[in-house]
Amino acid sequence: MTSRRKKIYEGKAKILYEGPEPGTLIQYFKDDATAFNGEKKAQLEGKGVINNRISEYIMTRLAGIGVQNHFIKRMNLREQLIKEVEIIPLEVVCRNIAAGSLSKRFGIEEGQPLPRSIIEFYLKDDKLNDPMVSEEHITAFNWAQTQEIDDMMAATLRVNDYLCGMFAAVGITLVDFKVEFGRLYEGDFSRVILADEISPDSCRLWDSTTNEKMDKDRFRRDLGGVIESYTEVARRLGIMKEMPTVIQGGIH
Ligand code: UDP
């Protein structure tokens, strides 16, 4: 099915195809898992299906509170119809609890709550290993305008507040997450909206009682049970009740 469509872009975990009408694209979720800038690779059967559903769920709920995003509708197990945007080449990370690169960079123990939510920007550039950048770099090199930075920060904080509550309600702590934004053009004007995906691949999610990791760190750190954890996240959110059969059936 998908092979007949024109491929627009292939990333590490997703493929973008031409959409059925101008201004739309189809986002296809692969089972490929990568970490450490592509150095570590694996196929995790069913991951694409779960992330498609979790991202659909989260984007739909965010649209419901007025956080505009690229999601239009889910088409099938692995594909969703999205609005075509011009991706801003930045990864916007929001952190509530120290973990990962922040812990390493500043020598703060993982699990330490941060005094307040912190937003960081990284340049999306695999060749440079996604370096952290400041607002000065972003505006000087024209990756985004000051107004766009303000809009991205405001939207990211709203996403953080909403998702912290949504996950807390199902016994999950939102440690940190990464989002991406794109420009949606309307005539001469453009508006920054949320794009890409929000899933256990792009969030750190810890069980609130046991602190067990339920996210991509299970893959990065060889903890095993990656798919089981992603499925558990979906189950707690009340989606994907049929998931175990999908995995066993090996639907691609
Ligand atoms: N993240 C991501 N894509 C990246 C880098 C980070 O989705 O290319 C997410 C990551 O899953 C975590 C958050 O952003 O939820 C912060 O990641 P960190 O900077 O600690 O990076 P890492 O530990 O992966 O090096």
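Preceding block: the structure.
Residue positions are counted from 1 within each chain, in the order its sequence is given. In keeping with the model being predicted, local features are shown solely for residues with a pLDDT of at least 70 and side-chain atom pairs are shown and tallied solely at 80 or more, while totals for entire chains, interfaces and linings include all residues. Calculated side-chain values reflect all of the structure's heavy atoms, with hydrogen atoms and water omitted.

1. Here we look at a negative patch on the surface
Phase 1: The patches described consist of residues with a relative accessible area above 30% and no salt bridge, like charges being joined within 9 Å and nonpolar side chains (Val, Leu, Ile, Met, Phe, Trp, Tyr) within 5 Å. Computed with a 1.4 Å probe, the accessible areas rest on the Shrake-Rupley method; for each residue, only the protein chains presented here act as cover. When a carboxyl oxygen of Asp or Glu lies within 4 Å of a side-chain nitrogen of Lys or Arg, that pair is called a salt bridge. Counted as positive: Lys and Arg. Counted as negative: Asp and Glu. His and the chain ends are not counted at all. Taken as the charge centre is NZ of Lys, CZ of Arg, CG of Asp or CD of Glu, depending on the residue. On the surface, a cluster of negative charge is contributed by Glu135, Glu136, Asp150 and Asp151.
Phase 2: Helix and strand labels come from DSSP, where a helix needs a run of H or I of at least four residues and a strand needs a run of E of at least two; each type is numbered from the N terminus. Contributing elements (two or more residues each) for the negative patch: helix H3 (135-140) and helix H4 (146-168).

2. Some details on the environment of Lys6
Phase 1: Take Lys6: it is sitting in the segment before strand E1 (7-10).
Phase 2: On a C-alpha basis, the gap between Lys6 and Leu16 in space is 8.8 Å, while along the polypeptide they are 10 residues apart.
Phase 3: Residues within four places of Lys6 in sequence aside, it is in contact with Leu16, Tyr17 and Glu18. Contacts were defined at the residue level, with two residues in contact if any of their heavy atoms lie within 4.5 Å.

3. Focus on the packing of helix H1 (residues 47-64) against H4
Phase 1: Axis lines are fitted to C-alpha atoms, over the contacting stretch for helices. Their N-to-C directions set the angle, which ranges from 0 to 180 degrees. Packing of H1 against H4 leaves a shortest axis separation of 11 Å and a crossing angle of 120°. Comparing their axes, H4 and H1 come out oblique. Taken as a pair, H1 and H4 cross one another with a handedness that is right-handed. On the side of H1, the interface is formed by Tyr57, Ile58, Arg61 and Leu62, while H4 contributes Val159, Tyr162, Leu163, Met166 and Phe167.
Phase 2: As a working rule, the residues Ala, Val, Leu, Ile, Met, Phe, Trp, Tyr, Cys and Pro are called nonpolar, Asp, Glu, Lys and Arg charged, and the rest polar, with Gly in that last group. Of the residues contributing to the contact of H1 with H4, the split by class is 8 nonpolar, no polar and 1 charged. Oblique is the label for any angle not covered by the other classes, which are roughly parallel (under 35 degrees), roughly antiparallel (over 145) and roughly perpendicular (65 to 115). Rotating anticlockwise by less than a right angle from the far helix to the near helix defines a left-handed crossing, while the corresponding clockwise rotation defines a right-handed one.

4. Comments concerning H4
Phase 1: Expected helix span is given by 1.5 Å per residue-to-residue step, counting one fewer step than there are residues. Relative to the 33 Å expected for 23 residues at 1.5 Å per residue, H4 spans 33 Å between its end C-alpha atoms, a close match to the ideal helical length.
Phase 2: Looking at H4, one finds that the buried residues are Glu148, Ile149, Met152, Ala155, Thr156, Val159, Asn160, Tyr162, Leu163, Met166 and Phe167. Burial here depends on accessible area, computed with a 1.4 Å probe over protein chains only, as a share of the maximum for the residue type. Under 20% is buried, over 50% is exposed, and the range in between is partly exposed.

5. Description of the site of the ligand
Phase 1: Near, as used in this document, describes a residue that has one of its heavy atoms within 4 Å of the molecule or strand being considered. Lining the immediate environment of the ligand, one finds 16 residues, of which Arg95, Ser101, Asp176, Arg204 and Arg220 sit closest.
Phase 2: In the environment of the ligand, an oxygen atom lies 2.6 Å from a nitrogen or oxygen atom belonging to the side chain of Asp176.
Phase 3: Within the side chain of Arg220, a nitrogen or oxygen atom sits 2.8 Å from an oxygen atom of the ligand.
Phase 4: Bound to the protein, the ligand loses 76% of the 510 Å² it would expose on its own.
Phase 5: Elements supplying a minimum of two residues to the shell around the ligand: strand E9 (90-97), helix H2 (100-106), strand E12 (172-186) and strand E14 (203-207).
Phase 6: Its residues assigned to classes, the shell around the ligand shows 5 nonpolar, 3 polar and 8 charged. Between N or O atoms, a polar contact is any pair within 3.5 Å; within protein, one atom must be a potential hydrogen donor and the other a potential acceptor, and residues adjacent in sequence are included only when both atoms are from side chains.

6. Let's talk about the pattern of salt bridges
Phase 1: In the structure shown here, the tally under the stated rule is 29 salt bridges.
Phase 2: The partner of Arg105 in a salt bridge is Glu120, with the nearest N and O atoms 3.9 Å apart. Of the two residues, Arg105 sits in helix H2 while Glu120 sits in strand E10 (residues 113-123), which places them 15 residues apart along the sequence.
Phase 3: For Arg105, a relative accessible area of 38% corresponds to the partly exposed category.
Phase 4: Between Arg235 and Glu232 there is a salt bridge, and its shortest N-O distance comes to 2.9 Å. Of the two residues, Arg235 and Glu232 both sit in helix H6 (residues 226-236), 3 residues apart, roughly one turn of that helix.
Phase 5: Here the residues in one salt-bridge network are Arg95, Arg105, Glu110, Glu120, Asp176, Arg204, Lys213, Asp217, Arg220 and Arg221, joined through shared partners.

7. Quick notes on H6
Phase 1: Within H6 the residues assigned to the buried category are Val226, Ile227, Ser229, Tyr230, Thr231, Val233 and Ala234.
Phase 2: Looking one or two residues beyond H6, the residue adopting positive phi is Gly238, at roughly 90°.

8. Considering the layout of surface pockets
Phase 1: Computed from the structure, the second largest pocket encloses a volume of approximately 180 Å³.
Phase 2: In this structure, the second largest pocket is lined by Gly66, Val67, Gln68, Asp151, Ala155, Arg158, Phe181, Arg191, Val192, Ile193 and Leu194.
Phase 3: Per-element tally for the lining of the second largest pocket: the top contributor is strand E13 (residues 189-195), with 4 residues.
Phase 4: Grouping the constituent residues of the lining of the second largest pocket by class yields 6 nonpolar, 2 polar and 3 charged. A cavity here means a set of 1 Å grid points, computed over protein atoms only, where a 1.4 Å probe fits but cannot escape. A pocket is an open set with protein on both sides within 12 Å along at least 5 of 7 lines, and lining residues have an atom within 4 Å of a point. Grid points are joined across faces, edges and corners, and a volume is the space filled by probe spheres set on the points.

9. With respect to the pairing of strand E7 (residues 79-83)
Phase 1: In terms of residue burial, E7 counts as a mostly covered element, since 4 of its 5 residues are buried.
Phase 2: With 3 bridges connecting them, strand E6 (residues 71-74) and E7 associate as antiparallel partners. Bridge pairing in E7 places Phe71 opposite Ile82. In this analysis, strands are considered paired if DSSP registers two or more bridges between them.

10. Here's the deal with the pairing of strand E4 (residues 32-35)
Phase 1: Pairing of E4 with strand E5 (residues 40-43), which is carried by 4 bridges, proceeds in the antiparallel orientation. From the neighbouring strand, Ala35 faces E5, where its bridge partner is Lys40.

11. Considerations on the environment of Val179
Phase 1: Checked against the element boundaries, Val179 lands in strand E12.
Phase 2: For Val179, a relative accessible area of 0% corresponds to the buried category.
Phase 3: Setting aside residues up to four positions removed in sequence, Val179 forms contacts with Leu90, Glu91, Val92, Thr156, Leu194 and Ile198.

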